[in-house]
Amino acid sequence: MTAERIDGKAFAASLRERVGEHAAQFEASAGRKAGLAVVLVGEDPASQVYVRSKHKATVAAGMESFEHRLPADTSEEDLLALVDRLNADEAVDGILVQLPLPDHLDEQAVIASISPDKDVDGFHVTNAGRLAVGQSGFVPCTPLGCMMLLTERLGDLSGLEAVVIGRSNIVGKPMAQLLLDANATVTIAHSRTKDLPSVVKRADIVVAAVGRAEMVKADWLKDGATVIDVGINRLPPTDGEEKGRLVGDVDYAGAKSVAGAITPVPGGVGPMTIAVLLRNTLVAAYRNADLQVPDGL
Ligand code: NDP
């Protein structure tokens, strides 16, 4: 058997197109564009790349992008004052502070200062709480993107066994909550889990969010399992390579002969993250403008 390749890149492109259509309708109804403010502190090269691609994607979707680049030695007081201004700014529907922040800044304090109704990353404790108790709020972009790929492939997840490997606040825990809400039977595995291969073996759905290159092996998987690989790991370069290859947390080459469907790395979960950020921003805009969020967003 060769697993179906779950094409996150194509799914993300169609989601972005849908967001673009609704963004134009929003502008027509509200008399303004939906707006996303992105705050970058310092010059971390990876963060600069992410912020640039978020800016381009926001503009391409017909939304306003407000970029705030602050020096690495910005004080917490100044950063909190900027977030306050963005919270009060009616042109700003979503606020994203790019992580990681320089060491002298308290990430939790900064996230806590963002209005939960503009927290399109879904990292604020209010949104984590809303997800936990089943209220509508904002769900972190990566797990929500994984969920969209899963429901597109499997439809109803009721009663399916799901194993999430990883328990971070931004991926593993919200992923498990979403699967539970969809009536899957959920196990969360982590670094202290005993006999991980046999835990994974019972799963109809495996979500790997660990950060260890190709850790999940083919013989851990149940025949026909649907595998969502969140990991992004760069292997050391081999001869002739300038940079090493990007791989996920799952041994893709082996797993595709056992799984029913699997996301590749790159081109699987990665492209979904920005697409869902745009979607969350537009949802925030509809809510902030007291307009009905359209179905299918
Ligand atoms: P974290 O480092 O915050 O969490 C990793 C989790 O994996 C922890 O819960 C840890 O367990 C668990 N873990 C570590 N080693 C093992 C092991 N040997 N066996 C079982 N579990 C283990 O990572 P994130 O959740 O932030 O990210 C996970 C991966 O996803 C990374 O590769 C990251 O780059 C990628 N990522 C990709 C995104 C995308 O857009 N595609 C977005 C976000 C992340 P414990 O809690 O016990 O330490």
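For the structure, see preceding data.
So, a few notes on the structure that sits alongside this text. None of the values given here were measured: they were computed from a predicted structure.

Basis of the calculations
Residues numbered from 1 in each chain as written. Predicted model: local features only at pLDDT ≥ 70, side-chain atom pairs only at ≥ 80, totals over all residues. Heavy atoms only, no water. Pairing = 2+ DSSP bridges. Helix = DSSP H or I, 4+ residues; strand = E, 2+ residues; numbered from the N terminus. Axes fitted to C-alpha atoms, helices over the stretch in contact; angles between N-to-C directions. Contact = heavy atoms within 4.5 Å. Parallel < 35°, antiparallel > 145°, perpendicular 65-115°, else oblique. Left-handed = near helix turned anticlockwise from the far one by under 90°. Nonpolar A, V, L, I, M, F, W, Y, C, P; charged D, E, K, R; others polar. Disulfide = S-S within 2.5 Å. Buried < 20%, exposed > 50% of the residue type's maximum accessible area, 1.4 Å probe, protein only. Near = heavy atom within 4 Å. Polar contact = N/O pair within 3.5 Å; in protein donor to acceptor, adjacent residues only side chain to side chain. Areas by Shrake-Rupley, 256 points an atom, 1.4 Å probe, with all protein chains shown as cover. Expected span 1.5 Å × (residues − 1).

1. Some words on the sheet that holds strand β3 (residues 64-70)
1) Next: Strand order in this open sheet of three strands is β3-β2-β4, and the pairing throughout is parallel. In this open sheet, the two edge strands, each paired with only one partner strand, are β3 and β4 (94-97). Strand after strand, the sheet turns through a mean of 15° between neighbouring axes, direction not considered.
2) Next: With respect to the sheet, helix α2 (residues 45-60) is in contact with β2 (35-41), β3 and β4, its orientation differing from that of β3 by roughly 160°.

2. A few points about the packing of helix α1 (residues 8-30) against helix α10 (residues 270-288)
1) Next: One can describe the packing of α1 onto α10 by two numbers: an axis separation of 9 Å at closest approach and a directional angle of 20°. Taken together, the axes of α1 and α10 are roughly parallel relative to one another. Relative to α10, α1 is oriented so that their crossing is left-handed. In this structure, α1 contributes Gly8, Lys9, Phe11, Ala12, Leu15, Arg16, Val19, His22, Ala23, Gln25 and Phe26 to the contact, and α10 contributes Pro271, Met272, Ala275, Val276, Leu278, Arg279, Leu282, Ala285 and Tyr286.
2) Next: By residue class, the composition of the contact of α1 with α10 is 14 nonpolar, three polar and three charged.

3. Examining the environment of Ala112
1) Next: Among the structural elements, Ala112 can be located in helix α4 (residues 107-113).
2) Next: For the pair formed by Ala112 and Ala255, sequence separation is 143 residues and the distance between their alpha carbons is 40 Å.

4. Section: the state of the cysteines
One way to say it: the disulfide is the covalent bond shared by the sulfur atoms of two cysteines.
1) Next: Evaluation of the coordinates by the stated rule reveals zero disulfides.
2) Next: Free of any disulfide, Cys141 has its nearest neighbouring cysteine sulfur in Cys146, separated by 11 Å.
3) Next: Its relative accessible area of 6% is what places Cys141 among the buried residues.
4) Next: Judged by relative accessible area, Cys146 falls into the buried class, the value being 0%.

5. Digging into the site of the ligand
1) Next: Around the ligand, the structure places 22 residues, and the nearest of them are Arg167, Ser168, Ser191, Ile232 and Thr273.
2) Next: In the model, an oxygen atom of the ligand is placed 2.7 Å from a nitrogen or oxygen of the Arg167 side chain.
3) Next: At 2.5 Å, a side-chain N or O of Ser191 approaches an oxygen atom of the ligand.
4) Next: Within the complex, 70% of the 930 Å² of free accessible area of the ligand lies under protein.
5) Next: For the shell around the ligand, the residue count by class is 10 nonpolar, 10 polar and two charged.

6. Some remarks on α1
1) Next: For α1, spanning 23 residues, the distance from its first C-alpha to its last is 31 Å, which sits close to the expected 33 Å at 1.5 Å a residue.
2) Next: When α1 is considered as a whole, its buried residues turn out to be Gly8, Phe11, Ala12, Leu15, Val19, His22, Ala23 and Phe26.
3) Next: The elements touched by buried residues of α1 are α6 (141-154) and α10.
4) Next: Where α1 begins, one side-chain oxygen reaches toward the backbone nitrogen of Lys9, 3.2 Å away; that side chain belongs to Asp7.
5) Next: Looking one or two residues beyond α1, the residue adopting positive phi is Gly31, at roughly 75°.

7. Topic: unusual backbone geometry
1) Next: In this model, Leu99 is joined to Pro100 through a cis peptide bond whose omega is 0°.
2) Next: If you trace the backbone, Pro100 turns up in the loop between β4 and α4.
3) Next: Its identity as a non-glycine residue notwithstanding, Glu214 has a phi of 50°, on the positive side.
4) Next: Tracing the chain through its elements places Glu214 in the loop between β7 (205-208) and β8 (226-229).
5) Next: The exposure class assigned to Glu214 is partly exposed, which follows from its relative accessible area of 22%.
6) Next: In this model, Asp290 sits at a positive phi of 55°, which is unusual for a non-glycine residue.
7) Next: Counting through the fold element by element, Asp290 comes out in the segment after α10.

None of the figures reported here should be taken as evidence of function without further support.
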